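An overview of the molecular structure
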Amino acid sequence: LYDGLTFYGNKTLVECAEDEKTYGDCSSLLVCVPRNSDGYRFVKSSFPSHFFIVGDSNSEALNMLVNGICNVLATDRYSMMVPHLSLELNTDKKYIMGTK
């Protein structure tokens, strides 16, 4: 089952990632993505290497987002529905899930 890639994080920067924009207001974009995922293959082919950082798992990539190492998470929609990931995202930060 593959439910498609989604970006999750700061609203402005999620929109930048969805539009593959890395200049102007988007110059601070830093995407966390789990290694060996469909998201990784997309991000690697769509962004220069200094705009993304790779985690060993979905959970590690998510922790990098929560800890401010990156400002957008790239993952599949299904992973965002897994209960333990939702619990880890219960922070005071205002994150959104992309719509594209």
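Whatever comes next refers back to the structure up there.
Heads up: these notes are all about the structure in this document. (Residues numbered from 1 in each chain as written. Predicted model: local features only at pLDDT ≥ 70, side-chain atom pairs only at ≥ 80, totals over all residues. Heavy atoms only, no water.)

Looking at the state of the cysteines
- Counting across every chain of the model gives two disulfides.
- Sulfur-sulfur distance for the disulfide between cysteine 16 and cysteine 26 comes to 2.0 Å. One disulfide, between cysteine 16 and cysteine 26, carries an S-S torsion of -70 degrees and so falls in the left-handed class. Placement of cysteine 16 in helix H1 (residues 11-18) and of cysteine 26 in the loop between H1 and strand E2 (31-34) is noted, with a sequence separation of 10 residues between them. When sorted by exposure, cysteine 16 lands in the same class as cysteine 26, which is buried.
- Through a disulfide, cysteine 32 is tied to cysteine 70; the S-S separation comes to 1.9 Å. For the disulfide bridge between cysteine 32 and cysteine 70, the dihedral angle about the S-S bond is near -120 degrees, and by the sign convention the bridge is left-handed. Taken together, the positions of cysteine 32 in strand E2 and cysteine 70 in the loop between helix H3 (58-66) and strand E4 (72-76) put the pair 38 residues apart, joining distant regions of the chain. In terms of burial, cysteine 32 and cysteine 70 fall into one category: buried. (Disulfide = S-S within 2.5 Å. Helix = DSSP H or I, 4+ residues; strand = E, 2+ residues; numbered from the N terminus. Buried < 20%, exposed > 50% of the residue type's maximum accessible area, 1.4 Å probe, protein only.)

Interpretation note: all reported values are geometric properties and have no functional meaning in isolation.
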